[in-house]
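Tertiary structure, described
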Amino acid sequence: MGHHRAGTGRSFAPVVLALRALGLGDALTGVPALRGLRRAYPEHTVLLACPPAVGRWLTALNVVDGVVPAHGLDPLTDAPRPDVAVNLHGRGPRSHHVLGMTRPRRMVGFACAAADFTDGPSWDDGAHEVERWCTLARWAGGTCGPADLRLGSPGRAALGPVVLHPGAASASRRWPATRWRAVARALRTDHRVVVTGGPAERALCEAVCRGTAAESRAGRTPLPALADLIAGSSLLISGDTGTAHLATAFGIPSVTLFGPVSPDLWGPAIDRDLHRCLWHGRGATVPGDPHGDHLDPRLAAITVAEVLTAAHELLASQPGAADSSGEPRGRATTSAAP
């Protein structure tokens, strides 16, 4: 099919096809489950049906062996017939049907009466996203857990830039640009500040940078470059979006602004001391629409002062950071082992 990773020696091995046709953050929270599937099926070629750019990057990192291009829940026209099909996309029925069209010899997914599929664990609305998919991989026979989120040695780039990522796929998860600008201006006094975003976010990033001397890289950081930038940064500040999960994966300190979804469901699952989750909601329920057209009130309640306090605490705790007298400070705590 032309999407297998060269040099693996697995081109003629039976195939595990995992469906997760979602964005970067979703892909990263699914990494532990994908590693669990590798352990469950060590002689199989593991293919991931997902957006091509994400799939190619995860293939280069050896998380999977290849990518089957997937566009939402359209039929997987380029997929081989799998020995095992695994639904890491959702609870069904549509995603179950998409995988069923590939005629797998075995199907792994959450139980879904609407898809006439009962051979799977029950869906738990209150589960953390990482644990949810690990549950499914364990059902398939693989061992995995939050430690499998790691994509490299934890970073401690005290001299790297502070990265701000103001965008998000939906308006309900976008903190106002004027507040991002205030954060950039305050941090630019003592730090190099880089603002990132996709090609469609150039105007947003330019608005954040205006009058601050921060640097916009909107539209100039394809996924591998974005990952390298965050892996070499001293701090990431972002909303609840894919870049926050890159910071988790690389062990980079982060401040994440949550709303409308709770960090109990989507927050960092490892290295809790490295991350600050700002959240003005209650519990792990979803009080608003993460795909909504209006700023969520829980996100709107987060202030510039809160963000700067969290950022300064994390920056001051890094090796090589200086206090107000200019003297280096040691790190008070260390991250958990991978």
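Just above sits the structure.
Before going into details, it helps to say that this report is about the structure given with it. (Residues numbered from 1 in each chain as written. Predicted model: local features only at pLDDT ≥ 70, side-chain atom pairs only at ≥ 80, totals over all residues. Heavy atoms only, no water.)

**Section: the overall build of the protein**
Filter applied, for reference: Only DSSP runs of H or I reaching four residues or more are called helices, and only runs of E reaching two or more are called strands; each is numbered from the N terminus. Per-residue accessibility, obtained with a 1.4 Å probe over protein chains only, is compared with the maximum for each type, and a residue is labelled buried under 20%, exposed over 50%, and partly exposed between these values. The criterion used for residue contact is that any of the two residues' heavy atoms lie within 4.5 Å. Only the protein chains shown count as cover for residues, with accessible areas throughout obtained via the Shrake-Rupley method and a probe of 1.4 Å.
Within the protein, the secondary structure is distributed over 12 helices and 13 strands. A burial count over the protein gives 53% of its 338 residues as buried. If you take every contact in the protein between residues at least 6 apart in sequence, the share linking residues at least 24 apart comes to 61%. Surface summary for the protein: the accessible area is close to 14,200 Å², and the carbon and sulfur share equals 53%.

**With respect to the side chain of Ser-170**
Selection criterion: Pairs of N or O atoms within 3.5 Å make up the polar contacts considered here, provided that, within protein, one atom can donate a hydrogen while the other can accept it, and that residues adjacent in sequence are counted only when both atoms are side-chain atoms.
With respect to the element layout, Ser-170 can be found in the loop between strand E6 (162–165) and helix H6 (177–188). Separated by 3.4 Å, the side chain of Ser-170 and the backbone oxygen of Pro-290 make a polar contact. In contact with Ser-170, other than residues within four places in its own chain, are Pro-290, His-291 and Gly-292.

**A short note on the sheet that holds E6**
In any sheet, the strands associate via hydrogen bonds between backbone groups, in a parallel or an antiparallel arrangement. Filter applied, for reference: Pairs of strands are assigned from DSSP output, requiring at least two bridges between the strands.
Taken in spatial order, the six strands line up as E8-E7-E6-E9-E10-E11 in an open sheet, and their pairing is parallel. A single partner strand is all that each edge strand has here, and the edge strands are strand E8 (215–216) and strand E11 (275–278). Direction of pairing for strand E10 (residues 254–257) relative to E11: parallel, over a ladder of four bridges. Among the inter-strand pairings, Leu-257 is bridged to a residue of E11, identified as Leu-278.

**Re the pattern of salt bridges**
Rules: Put simply, a salt bridge is a Lys or Arg side-chain nitrogen that is within 4 Å of an Asp or Glu carboxyl oxygen.
Enumeration over the complete set of coordinates arrives at 11 salt bridges. Put simply, Glu-215 and Arg-217 hold a salt bridge, and the shortest N to O gap is 3.1 Å. On the basis of relative accessible area, Glu-215 is assigned to the partly exposed category, the value being 29%. Residue Arg-298 pairs with Asp-296 through a salt bridge whose shortest N-O separation is 2.9 Å.

**A closer look at the sheet that holds strand E2 (residues 45–50)**
Definition in use: Helix axes are fitted to C-alpha atoms over the stretch in contact, other axes to C-alpha atoms as well, and angles between N-to-C directions run from 0 to 180 degrees.
Pairing in this open sheet of five strands is parallel, and the strands run E3-E2-E1-E4-E5 from one edge to the other. Sheet topology places strand E3 (66–69) and strand E5 (106–108) at the edges, where each strand pairs with a single neighbour. Taken pair by pair, the neighbouring strands of this sheet meet at an average axis angle of 25°, ignoring direction. Its contacts with the sheet place helix H3 (residues 52–60) against E2 and E3, and it is angled at close to 170° to E3.

**A few points about the nonpolar core**
Under the convention used in this document: As used in this record, nonpolar core signifies buried Ala, Val, Leu, Ile, Met, Phe, Trp, Tyr and Cys residues forming a set joined through side-chain atoms within 4.5 Å.
Residues Leu-37, Trp-57, Leu-58, Val-86, Leu-88 and Leu-246 are the most contacted members of the largest nonpolar core, which totals 48 residues. When sequence neighbours within four positions are dropped, the list of residues in contact with Val-86 reads Val-16, Leu-17, Ala-18, Leu-19, Leu-37, Leu-99, Val-108 and Leu-136. Counting 27 residues, the second largest nonpolar core, distinct from the first, contains Leu-278, Ile-302, Ala-311 and Leu-314.

**Focus: the pairing of E10**
Rules: Seen with its strands pointing away from the viewer, a crossover is right-handed if its path from the first strand over the helix to the second goes clockwise.
Side-chain alternation along E10 places Ser-254 and Thr-256 on one buried face and Val-255 and Leu-257 on a second face that is also buried. As paired strands, strand E9 (residues 235–239) and E10 are joined by four bridges and run parallel to one another. Residue pairing for E10: Ile-237 is matched across the bridge by Val-255. For the handedness criterion, the β-α-β arrangement of E9, helix H9 (residues 242–250) and E10 is classed as right-handed.

**Some words on H6**
Heads up, the rule is: To estimate how far a helix should reach, multiply one less than its number of residues by 1.5 Å. Directions are taken from the helix axis to each C-beta atom, and the arc is the one they span.
In this model H6 runs 16 Å from its N-terminal to its C-terminal C-alpha over 12 residues, within 8% of the 16 Å that 1.5 Å per residue would give. Regarding H6, the residues found buried are Trp-180, Arg-181, Val-183, Ala-184 and Leu-187. Projected down its long axis, H6 carries its buried residues within an arc of 160°, all on one side. Among the structural elements, E6, strand E7 (193–195), helix H7 (202–209), E9, E10 and helix H12 (304–316) are those in contact with the buried residues of H6.

**A few points about empty space enclosed by the protein**
To be explicit about the condition: The way it works is a 1 Å grid over only the protein atoms, where trapped points that fit a 1.4 Å probe form a cavity and open points with protein on both sides within 12 Å along at least five of seven lines form a pocket, and then any residue with an atom within 4 Å of a point lines it. Grid points are joined across faces, edges and corners, and a volume is the space filled by probe spheres set on the points.
Applying the stated criterion across every chain yields a total of one cavity of 30 Å³ or more. By volume, the largest cavity is sized at about 130 Å³. In this structure, the largest cavity is lined by 19 residues; those nearest its centre are Ala-244, His-245, Thr-248, Trp-266 and Pro-268. Breaking the lining of the largest cavity down by element, the ones donating at least two residues are helix H1 (24–29) and H9.

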